Amino acid sequence: MAALSSLLGSAARLGLLTPSPSLTPSRFRCWELAVCRRIKWLSLSVQRCYSSDTSHSSVDPLSSGLERYKDLQKYFNRRLKATNRRFSNIPDHSAVCGHHHVYFIEGDGIYRMDQRQSEPAPEQVLNLGQVSGQEEKTGLDNEERKQRIQWTVQRIRLSPQEKHLAATLKTTHREELRCVVVRLGKRDFSPLDPPHVVFTLDKVFSFEWATDEVLFYTTLEGLRCSGVFRLDLTSSGSRITSVYEETHPDVFVEVALSRDGQLLSINCNSRSSSEVLLIDRTTSHLEPFLVQPRQLDLLYHVEHWRKCLIILTNTGPGQEYQVVQAPLSDPSMVSWVPLFSPEPGTVLKDMDVVGDHCVMVARTPAGELALIVVPLTRPKEAYAVQLPSWACAIQTKKPGMADQRSVLEFWISSPVHFPVPYCLHPEDGLLLSGTKDGSSPENQGNYTTTRLEARNQDGTLVPVTLFHSVPVEGLSQAPLLVHVYGAYGRDLNMEFCPEKRLLLEQGWALAYCHIRGGGERGLSWQRQARVEGKQRGVEDLHACLHHLFSLGVSSPSLTALTACSAGAVPVGALCNRHPHMMRAVTLQAPFLDVLGTMEDPSLPLTVEDREEWGNPVENPKHRLTISSYCPLHNITPQCYPSILLTAYSGDARVPLAGVLKYTEQLKNAIHTHFTMTSKSGCKPAPNVVLNIQPGANHLGPEDFELMLEEEALTLAFLYTELGLDPPRPPRRRKR
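Quick look at the structure, then. (Residues numbered from 1 in each chain as written. Predicted model: local features only at pLDDT ≥ 70, side-chain atom pairs only at ≥ 80, totals over all residues. Heavy atoms only, no water.)

## Brief notes about the overall build of the protein
Here's step 1: On a plain count of helices and strands, the protein comes out with 14 helices and 37 strands.
Here's step 2: Across the 735 residues in the protein, those meeting the buried criterion constitute 61%.
Here's step 3: Carbon together with sulfur atoms contributes 51% to the accessible area of the protein, which is approximately 28,100 Å² in total. (Helix = DSSP H or I, 4+ residues; strand = E, 2+ residues; numbered from the N terminus. Buried < 20%, exposed > 50% of the residue type's maximum accessible area, 1.4 Å probe, protein only. Areas by Shrake-Rupley, 256 points an atom, 1.4 Å probe, with all protein chains shown as cover.)

## A short note on the sheet that holds strand E27 (residues 408-414)
Pairing between sheet strands relies on hydrogen bonds along the backbone, with the strands arranged either parallel or antiparallel.
Here's step 1: Pairing is antiparallel in the open sheet, where four strands are placed in the order E26-E27-E28-E29. Looking at which strands have only one partner, the edges of the open sheet turn out to be strand E26 (393-396) and strand E29 (430-433). Sheet twist, expressed as the average angle between the axes of neighbouring strands with direction ignored, equals 30 degrees.
Here's step 2: Two strands pair when backbone bridges link them, and strand E28 (residues 417-425) and E29 are joined in this way by four bridges, in the antiparallel orientation. Bridge pairing in E29 links leucine 424 to leucine 431. (Pairing = 2+ DSSP bridges. Axes fitted to C-alpha atoms, helices over the stretch in contact; angles between N-to-C directions.)

## Some points on the environment of valine 569
Here's step 1: The residue valine 569 is located in helix H9 (residues 568-577) in this model.
Here's step 2: Sequence separation between valine 569 and tyrosine 629 is 60 residues, and the spatial gap between their C-alpha atoms is 8.0 Å.
Here's step 3: Setting aside residues up to four positions removed in sequence, valine 569 forms contacts with Phe591, Val594, Trp613, Tyr629 and Pro631. (Contact = heavy atoms within 4.5 Å.)

## Overview of the sheet that holds strand E21 (residues 337-340)
Here's step 1: Pairing in this open sheet of four strands is antiparallel, and the strands run E18-E19-E20-E21 from one edge to the other. What marks the edges here is a single partner per strand, and that holds for strand E18 (300-305) and E21. Taken over all neighbouring pairs, the strand axes of this sheet differ in orientation by 35 degrees on average, direction set aside.
Here's step 2: Here three bridges tie strand E20 (residues 322-327) to E21, and the two strands are oriented antiparallel to one another. Counterpart to valine 323 in the pairing with E21 is phenylalanine 340.

## Regarding the packing of aromatic side chains
Here's step 1: Here the structure, examined in full by the defined rule, presents 15 aromatic pairs.
Here's step 2: Ring centres of phenylalanine 87 and phenylalanine 418 lie 5.7 Å apart, and the angle between their planes is 25 degrees; this geometry places the pair in the stacked category. Of the two residues, phenylalanine 87 is situated in the loop between helix H3 (70-86) and strand E2 (96-97) and phenylalanine 418 in strand E28; the sequence distance between them amounts to 331 residues. For the pair phenylalanine 87 and phenylalanine 418, a shared accessibility class is recorded, and that class is buried.
Here's step 3: Between phenylalanine 205 and phenylalanine 252 the ring centres are 5.6 Å apart and the planes differ by 90 degrees, which places this aromatic pair in the edge-to-face class. Of the two residues, phenylalanine 205 sits in strand E10 (residues 204-209) while phenylalanine 252 sits in strand E14 (residues 252-257), which places them 47 residues apart along the sequence. Neither residue differs from the other here; phenylalanine 205 and phenylalanine 252 are each classed as buried.
Here's step 4: Following the ring pairs from residue to residue traces out a cluster consisting of Tyr75, Phe76, Trp508 and Tyr719.
Here's step 5: The residue whose ring lies beneath arginine 155 is phenylalanine 205, and the NZ or CZ to ring-centre distance is 5.9 Å. (Phe/Tyr/Trp six-rings, centres within 6.5 Å; stacked < 30°, edge-to-face > 60°. Lys NZ or Arg CZ within 6 Å of the ring centre and 35° of its normal.)

## Section: the pairing of E20
Here's step 1: Across the six residues that make up E20, a large majority, five, are buried.
Here's step 2: Across six bridges, the pairing between strand E19 (residues 308-313) and E20 is antiparallel. Bridged to isoleucine 310 within E20 is glutamine 325.

## Looking at the environment of proline 317
Here's step 1: Relative to the helices and strands, proline 317 resides in the loop between E19 and E20.
Here's step 2: Remark: the alpha-carbon pair of proline 317 and proline 342, spanning 25 residues in sequence, is separated by 9.3 Å.

## A word on the pattern of salt bridges
Side-chain pairs of opposite charge can arise whenever the charged atoms involved come near each other.
Here's step 1: If you walk through the whole model with that rule in mind, you get 25 salt bridges.
Here's step 2: One salt bridge connects aspartate 609 with arginine 271, and the closest N-O pair in it is separated by 2.7 Å. With aspartate 609 in helix H11 (residues 606-613) and arginine 271 in the loop between strand E15 (263-269) and strand E16 (274-280), this residue pair connects regions lying 338 residues apart in the sequence. There is no split in this pair, since aspartate 609 and arginine 271 are both buried.
Here's step 3: We note a salt bridge from glutamate 381 to arginine 378, for which the minimum N-O separation is 2.9 Å.
Here's step 4: On the accessibility criterion, glutamate 381 (45% relative accessible area) is partly exposed.
Here's step 5: The class for arginine 378 is partly exposed, based on a relative accessible area of 34%.
Here's step 6: Taken together, the salt bridges that share partners define one network made up of Arg86, Arg501 and Glu505. (Salt bridge = Lys/Arg side-chain N within 4 Å of Asp/Glu carboxyl O.)

This is the structure we're talking about:
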């Protein structure tokens with residue numbers, strides 16, 4: 001699954017990361033920062049990177065104000081390591097199943113094991129040291145050579161008969177991915193007889209095999225994928241030809257494979273339109289054909305079933321998503337026949353075809369996740385499958401070549417609930433858990449998930465998900481961490497995170513505010529807070545905080561807000577308008593200069609982002625709206641909360657200049673306020689801390705240790721600024 005992710009437009013300020021290969025990643029182009037970082041701590045025992053050097057400078061000289069947190073940061077670093085060890089057996093989504101082998105990522109490369117053997121031994125398929133050696137010879141300038149060259153495997157694809165393996169690799173100092181094609185054989189590889197790398201491609205983003213000798217792929221240029229290419233591997237050599245070139249600057253192109261493996265799709269998506277071309281892998285010519293020409297405000301995603309197309313599209317009531325069917329021989333919109341439309345208030349979040357069934361992930365009016373199953377031979381017999389009430393996130397497993405394709409395997413989790421495996425048999429509606437009772441001692445704990453609704457001033461009910469360990473009436477003295485995003489129609493990330501679990505265990509309450517601009521309540525939820533409606537998201541956040549406080553959950557002096565990337569916009573705007581509602585704020589890769597960015601079309605994302613934020617250059621109303629909420633352009637002398645800003649020096653999505661300008665103006669405003677107000681009611685003065693890390697990764701450090709340092713600094717900042725005593729480590733039981 002993950003269809004809606006690609007329908008929501010380009011990567012924008014969410015970041016480009018190729019997700020784990022077991023999640024249908026070619027449709028998962030827009031992962032939120034926290035989702036991507038989750039992959040990095042899957043296991044302390046397995047480090048999924050290869051470093052060719054050990055030298056590294058972790059803090060930029062521009063970073064300031066960090067020393068006061070150093071001691072507490074070291075303490076939390078140890079606590080986070082211990083917490084991660086407790087959850088080191090989290091499901092591994094990176095393994096890829098072939099016909100007879102399982103391929104997996106281990107420290108220095110990619111390995112495989114033969115499942116036919118009783119005691120299989122790991123066989124190395126790709127050594128990252130070989131790739132690193134090539135990179136050091138060719139691809140780095142002097143500045144990059146000073147940095148640590150760290151390779152991570154992003155995605156693995158097997159050719160139909162496992163003749164070749166293709167994998168994309170990434171380094172910490174570059175956005176682009178390198179694709180390496182390896183010829184697979186039956187012999188054991190050794191350092192003296194290394195795997196045979198037959199081809200290397202640079203700047204590859206998405207890629208899929210059509211045959212054992214033909215690979216289709218897209219390339220990433222300036223954060224944009226516009227072309228599709230075909231690599232032919234022949235006995236006489238290799239040949240690359242252009243297959244498709246997109247001319248619209250706001251359209252992002254990627255290739256994907258249907259679940260049954262028969263169709264390869266070329267998906268061309270902007271924020272407001274879709275166009276899909278298909279390639280039938282069973283034909284010899286492998287020529288693409290068009291499904292439906294692009295139309296404004298028409299979004300659609302295609303799956304395959306028995307010479308038919310099952311299409312998820314926003315042609316339902318209110319321009320929300322429904323499922324339609326069309327013959328493969330005549331796929332255009334005139335042939336689309338409605339198959340399933342959800343009940344009012346229920347929102348389709350994803351879709352997949354499993355055997356003879358269409359399985360959809362839906363969010364109910366109560367905000368809970370459910371599965372809706374439509375038998376494709378009997379569509380009127382659709383039924384719903386309830387998931388545990390605490391489930392907030394779902395990840396599906398992409399079937400391996402030899403797997404049973406009529407069963408859906410998936411994991412559910414929440415920010416504080418360990419992932420639990422499930423298996424759905426759509427034929428009879430049987431839902432089986434990988435654990436005896438759908439949980440585990442480490443997973444559940446005594447934690448409560450409470451779903452609330454806050455009423456905005458315009459009467460809109462805004463969903464809030466609250467995690468707590470004591471009843472709501474006992475949370476008045478609890479520290480509160482509030483999460484927010486609200487942009488691009490994306491749901492707030494709510495997958496399991498050990499850091500959030502640690503906070504909950506220490507008595508914190510965690511609130512997730514699903515403000516407008518996100519996608520929690522459908523496409524209309526995004527449309528209401530786009531362009532001229534952006535202020536609604538800020539008002540929603542204010543309403544959520546007011547509602548929590550009115551229920552007796554925490555207080556402003558014990559409240560902190562956290563956001564990443566575009567989520568910094570509503571948080572920064574609220575800090576300007578109501579700084580008294582929180583004591584601390586942490587922002588990661590924050591987008592703070594909306595006006596300046598939307599005025600500069602030379603920046604890589606401005607043209608496509610104007611569909612989300614508006615065009616202040618050509619539209620005076622857009623300029624007025626952006627100017628009214630832009631965090632940078634509304635700073636005023638007053639008492640602000642303490643703010644920790646973490647930025648990355650080479651981040652192409654959020655220019656560092658905007659973060660630096662925001663930090664400087666904020667410090668000046670606070671200084672002016674305290675200088676002019678002799679009897680200030682804001683004591684002690686807030687701390688504005690800028691943490692600039694080297695590198696171009698919008699998603700944060702790839703290295704596990706560096707990621708822990710960053711998370712530990714965030715915890716040290718929160719505890720210091722909220723005046724909390726550091727938690728005591730649990731006592732060891734005497735034997």
